[in-house]
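So you can see what is in the structure, the chains are spelled out below.
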Amino acid sequence: MNPDRIEKEVLLKAPLDRVWRAISDADEFGRWFGVRFDGPFEPGTSVMGTITPTTVDEDVAKAQQPHAGKADPWHIVAVEPQRRLAFRWHPFGVEDGADYADEPTTLVEFTLEDTVDGVLLRIVESGFDAIPAERRQSAFEGNSEGWSAQTELVRKYLALSEKV
């Protein structure tokens, strides 16, 4: 295990263009992820992400309630159609009263690979070595658990949206 990066993968049973829309459209992303954005994902811009309950899983939505309304900027690094979405953010930035503005950010990358069995989504978050030592382990552990949950949420979101 590399303490500077988190890596997760999920095989999604949906067409590439559908998976791409679920991760690259800020409104769709927010529905399964549990965040409301104040603008679209465009390279070189920042959007404010405000925690809201996910629409995909009632138990996760309840777990998000204590953090609802907390906001943090997401700096969009890359939007490469049907291949890669990348952004920078403050990892596990949910502590009450904490100001993360002067902290380094981590890089989150969503990459897609079309396979015969579906679309392989890889999520990699890197840069934890730069996070202040007193927060580094809790940020890494919290986000590692979070990305595990998010891989399931995007899978559920795509399965539900196919039925509609």
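So, here is what we can say about the structure in this document. Residue indices begin from 1 for each chain and proceed along its sequence in written order. Only residues with pLDDT of at least 70 get local features here, since the model is predicted, and only at 80 or more are side-chain atom pairs given and counted; chain-wide, interface and lining totals rely on the full set of residues. Side-chain descriptors were evaluated using all non-hydrogen atoms of the structure, hydrogens and water having been removed beforehand.

### Let's talk about the overall build of the protein chain
Piece 1. Secondary structure summary: the protein chain contains four helices and seven strands in total.
Piece 2. The secondary structure elements of the protein chain, listed N-terminal to C-terminal, are β-α-α-β-β-α-β-β-β-β-α.
Piece 3. Here the globule rule reads 2.2 Å times residues to the power 0.38, and the radius of gyration is calculated from C-alpha atoms. Rg of the C-alpha trace for the protein chain: 15 Å, near the compact-globule value of 15 Å for 164 residues, within the 12% margin.
Piece 4. If you line up the protein chain on its principal axes, its C-alpha atoms span 45 × 30 × 30 Å.
Piece 5. Under the scheme applied here, a residue whose accessible area is under 20% of the maximum for its type counts as buried, over 50% as exposed, and between as partly exposed, the area being computed with a 1.4 Å probe on protein chains only. Relative to its full complement of 164 residues, the protein chain shows a buried share of 47%. The helix count covers DSSP runs of H or I at least four residues long, the strand count covers runs of E at least two residues long, and both are numbered beginning at the N terminus.

### Some remarks on the environment of Leu 11
Piece 1. Tracing the chain through its elements places Leu 11 in strand 1 (residues 5–12).
Piece 2. Once the C-alpha coordinates of Leu 11 and Thr 115 are considered, the two residues, 104 residues apart in sequence, prove to be 8.9 Å apart.
Piece 3. Any pair of residues with heavy atoms lying within 4.5 Å of one another is described as a contacting pair. When sequence neighbours within four positions are dropped, the list of residues in contact with Leu 11 reads Thr 115, Asp 117, Gly 118, Val 119 and Leu 120.

### Brief notes about the pairing of strand 7 (residues 118–126)
Where a strand is regular, its side chains alternate between the two sheet faces.
Piece 1. Burial runs high along strand 7: eight of the nine residues are buried.
Piece 2. Pairing between strands is defined by DSSP: at least two bridges between them are needed. The pairing of strand 1 with strand 7 spans eight bridges and is classified as antiparallel. Bridge pairing in strand 7 places Leu 11 opposite Leu 120.
Piece 3. Strand direction decides the pairing type here: strand 6 (residues 106–115) and strand 7, joined by nine bridges, are antiparallel. Bridge pairing in strand 7 places Glu 113 opposite Leu 120.
Piece 4. Linking strand 6 back to strand 7 in an antiparallel pair, the connection comprises two residues.

### Some remarks on helix 2 (residues 26–33)
Piece 1. Of all the eight residues making up helix 2, six are buried; the element is thus mostly covered by neighbouring parts of the structure.
Piece 2. Among the residues making up helix 2, those that are buried are Ala 26, Glu 28, Phe 29, Gly 30, Trp 32 and Phe 33.
Piece 3. We call two N or O atoms a polar contact when they sit within 3.5 Å, provided that within protein one can donate a hydrogen and the other can accept it, with sequence-adjacent residues counted only if both atoms are side-chain atoms. The distance from a side-chain oxygen at the start of helix 2 to the backbone nitrogen of Asp 27 is 3.0 Å, and the residue carrying that oxygen is Asp 25.
Piece 4. Trailing helix 2 by a residue or two, Gly 34 shows a phi angle of about 95 degrees, which is positive.

### Some remarks on the packing of aromatic side chains
Piece 1. Stacked, tilted and edge-to-face are the three classes applied to pairs of Phe, Tyr and Trp rings, where Trp contributes its six-membered ring and a pair requires centres within 6.5 Å; stacked means planes under 30 degrees apart, edge-to-face means over 60, and tilted covers the rest. Overall, the coordinates contain 20 aromatic pairs when judged by the stated rule.
Piece 2. Between Phe 29 and Phe 41 the ring centres are 5.6 Å apart and the planes differ by 80 degrees, which places this aromatic pair in the edge-to-face class. Taken as a pair, Phe 29 in helix 2 and Phe 41 in the loop between strand 2 (35–37) and strand 3 (46–51) lie far apart in primary sequence, twelve residues in all.
Piece 3. Taking the relative accessible area as the measure of exposure, Phe 29 reaches 0% and is therefore buried.

These figures come from the coordinates and say nothing about function on their own.
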